[in-house]
Amino acid sequence: MRVRRAGVADAPALAEFQDIDSAGVTAFAHWMTSHAESHLPYVADLDGRTVGAAWLLIAERVPRGHVSARRHGDIQSVMVREQFRARGIGSALITALLAEARARRLTHVTVHSGRRAVAFYLRHGFTHHNQLLLWEPSSPVPPEGDSEPPARGPSRPA
């Protein structure tokens, strides 16, 4: 298994992980190109097949004092194909993202985890932080192009 930084040539595989069908791959590739400086994709390849993917969002904070570059990261869309789970692929992806974060001297990295993955992230050095707060609108914001807000599912509390 090999983890590597992905590029636009990987758009079809990355789109599949995001549930984007073949008709949307070109638009997704354009999105990747326009966000190449802020959204860094990584993939895990095994036997010529992409079996996992993860993204590191790089965001800039407002300069403070004599520090003009205050960047932090957010890990997004960590996914491993079901039949390849429990083989260390997710860990290898997180290790690569955190190495990138260190190389870029990010001040911190966050992750918004599903309940099942919290222990996974704790094992990789993440901690619960009591100063990280979350705001969500009382009515979900519809995706661009939709006229109706999506219904809240049972996994999303009101």
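What counts, and at which threshold
Here the residue index of a chain counts from 1 through its sequence in written order. For a predicted model such as this one, the threshold for reporting local features is a pLDDT of at least 70, and the threshold for listing and counting side-chain atom pairs is 80 or more; totals across whole chains, interfaces and linings nevertheless cover every residue. Water and hydrogen atoms were dropped before computing side-chain values, which therefore reflect all heavy atoms in the structure. At least two bridges found by DSSP between two strands are what make those strands a pair. A run of H or I in DSSP becomes a helix once it reaches four residues, and a run of E becomes a strand once it reaches two; helices and strands are each numbered from the N terminus. Only C-alpha atoms enter the line fits that serve as axes; for helices the fit covers just the stretch in contact. Angles between N-to-C directions range over 0 to 180 degrees. Think of it this way: a Phe, Tyr or Trp ring, Trp meaning its six-membered ring, pairs with another when their centres are within 6.5 Å, and the plane angle makes it stacked under 30 degrees, edge-to-face over 60, tilted otherwise. The cut-offs for exposure are 20% and 50% of the maximum accessible area for each residue type, with area from a 1.4 Å probe on protein chains only; residues under the lower value are buried, those over the upper are exposed, and the others partly exposed. When checking whether two residues touch, look at their non-hydrogen atoms; a contact exists if any pair is within 4.5 Å. Only protein atoms enter the 1 Å grid used here. Points where a 1.4 Å probe fits but cannot escape make up a cavity, open sets with protein on both sides within 12 Å along at least five of seven lines make up a pocket, and a residue lines them when an atom lies within 4 Å of a point. Grid points are joined across faces, edges and corners, and a volume is the space filled by probe spheres set on the points. Three classes are used: nonpolar for Ala, Val, Leu, Ile, Met, Phe, Trp, Tyr, Cys and Pro, charged for Asp, Glu, Lys and Arg, and polar for all others, with Gly counted as polar. pLDDT expresses how confident the predictor is about each individual residue, on a scale running from 0 to 100.

A few points about the sheet that holds strand 3 (residues 49–60)
Stage number 1. Across the sheet, five strands lie side by side as 1-2-3-4-5; this open sheet has mixed pairing. Looking at strand neighbours, the two that pair on one side only are strand 1 (2–5) and strand 5 (109–111), the edges of this open sheet. Here the average twist between neighbouring strands, direction ignored, is 25°.
Stage number 2. Where strand 2 (residues 39–46) meets strand 3, eight bridges bridge the pair, whose relative direction is antiparallel. Among the inter-strand pairings, Leu46 is bridged to a residue of strand 3, identified as Arg49.

A closer look at the packing of aromatic side chains
Stage number 1. In this structure the tally under the stated criterion is five aromatic pairs.
Stage number 2. Summarising the aromatic geometry, the rings of Phe28 and Trp31 are spaced 6.1 Å apart at their centres and angled 10° between planes, so their arrangement reads as stacked. Here Phe28 and its partner Trp31 are both found in helix 2 (residues 25–34), three residues apart, which amounts to about one turn of the helix.
Stage number 3. Residue classification places Phe28 among the buried residues on the basis of a relative accessible area of 10%.
Stage number 4. Exposure remark for Trp31: the relative accessible area of 31% places this residue in the partly exposed category.
Stage number 5. Among the aromatic residues, those joined into a cluster by ring pairs are Phe28, Trp31 and Trp55.

A few points about the environment of Ala44
Stage number 1. Considering the arrangement of structural elements, one finds Ala44 in strand 2.
Stage number 2. In the structure, Ala44 is positioned 46 residues away from Gly90 in sequence and 8.6 Å away in space, judged by C-alpha atoms.
Stage number 3. With sequence-adjacent residues up to four places away left out, Ala44 is seen in contact with Met1, Arg2, Val3, Arg49, Thr50, Val51, Gly52, Ile89 and Leu93.

Some words on the layout of surface pockets
Stage number 1. Computed from the structure, the largest pocket encloses a volume of approximately 1200 Å³.
Stage number 2. Around the largest pocket, the lining comprises 29 residues; the ones closest to its centre are Thr110, Val111, His112, Ser113 and Leu132.
Stage number 3. Of all the elements in the fold, those that place two or more residues in the lining of the largest pocket are strand 4 (71–80), helix 3 (89–103), strand 5 and helix 4 (118–123).
Stage number 4. Here the second largest pocket is characterised by a volume of approximately 710 Å³.
Stage number 5. Along its surface, the second largest pocket is lined by 25 residues, and Val78, Met79, Ala117, Phe120 and Tyr121 are the ones closest to its centre.
Stage number 6. Those elements that place two or more of their residues in the lining of the second largest pocket are strand 4, helix 3 and helix 4.
Stage number 7. Looking at the lining of the second largest pocket, the element that brings in the most residues is strand 4, giving seven residues.
Stage number 8. Residues that form the lining of the second largest pocket fall into these classes: 11 nonpolar, eight polar and six charged.

Observations regarding unusual backbone geometry
Excluding glycine, most residues fall at negative phi; most peptide bonds, likewise, are trans.
Stage number 1. Phi at Ser77 takes a positive value of approximately 50°, unusual for a residue other than glycine.
Stage number 2. Residue position: Ser77 is located in strand 4.
Stage number 3. Positive phi, normally seen in glycine, also occurs at Ala86, with a value near 65°.
Stage number 4. By the secondary structure assignment, Ala86 is in the loop between strand 4 and helix 3.
Stage number 5. Residue Ala86 is classed as exposed on the basis of its relative accessible area of 87%.

Notes on the confidence of the model for the protein chain
Stage number 1. Here the protein chain averages 90 in pLDDT, while 91% of its residues score no lower than 70.
Stage number 2. Counted against residues more than four places away or in other chains, residues 152–158, with its pLDDT under 50, gives seven contacts.

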